[in-house]
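# Close look at the chain arrangement
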Amino acid sequence: MSYYFAIIGTQDNPLFEYEFGTSKQGGDGIARFPEQARHMNQFIVHSSLDIVEEVQWGGGQMYLKCIDRFYNNYVSCFITGGNVKFFLLHAPSQPAVANTTRASTSIAANPTSPQTEEAIKQFFAEVYENWVKTIMNPFYQVNMEVKSPVFRGRVAAAGKKYL
């Protein structure tokens, strides 16, 4: 499965972007988005902002699960207390088949299964913890792009650990 992770600021500006692949079930950690569709990842994530803004005030949850679907791409969202949004665009390796007799428990095979949702929730929780540590830096200003290689490394480690 391929992943595109983006942090969107309070003014709908991108603060951080990272693309990676699955490391589970023998994956090599490299994103396998089709080259002709790779540039669409930002647009898909930003189009999901409208959905997030509609549902974010309805419940009191920070993790909104899978909020949008664009062809074979699924978008999950996590909202911080400061209204910064974490988006994870995930695309399964092969299209999901609806008429299977046995549901697969593999994270890569079923992007909407409870196991996948739990793995994404844990990924978001760990990234959120690192995000709080990053923005507590006295040199960080609100809605400033995060260019820290340490933060990028921690996001990559969380991706390897959970996804």
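My aim in this report is to walk through the structure given alongside it, one point at a time. (Residues numbered from 1 in each chain as written. Predicted model: local features only at pLDDT ≥ 70, side-chain atom pairs only at ≥ 80, totals over all residues. Heavy atoms only, no water.)

The next thing to look at is the pairing of strand E5 (residues 85-91). For E5, the buried fraction is high: seven of the seven residues fall into the buried class. Here E5 shows a buried face lined by Lys-85, Phe-87, Leu-89 and Ala-91 and a second buried face lined by Phe-86, Leu-88 and His-90. Relative to E5, strand E1 (residues 2-8) runs antiparallel, the two being bridged by seven bridges. Its bridge partner being in E5, Phe-5 is matched across the sheet by Leu-88. By the bridge criterion, six bridges tie strand E4 (residues 73-79) to E5 in an arrangement that is antiparallel. Bridged to Cys-77 within E5 is Phe-87. (Buried < 20%, exposed > 50% of the residue type's maximum accessible area, 1.4 Å probe, protein only. Helix = DSSP H or I, 4+ residues; strand = E, 2+ residues; numbered from the N terminus. Pairing = 2+ DSSP bridges.)

All right, on to the sheet that holds E4 then. Reading across the sheet, the five strands line up as E2-E1-E5-E4-E3 and stay open at both edges, with antiparallel pairing between neighbours. On the outer flanks of this sheet lie strand E2 (14-21) and strand E3 (63-70), each paired with one strand and no other. Each neighbouring strand pair of the sheet contributes to a mean axis angle of 20°, computed without reference to strand direction. Lying over the sheet, helix H4 (residues 149-162) contacts E1 and E2, oriented at roughly 40° with respect to E2. (Axes fitted to C-alpha atoms, helices over the stretch in contact; angles between N-to-C directions. Contact = heavy atoms within 4.5 Å.)

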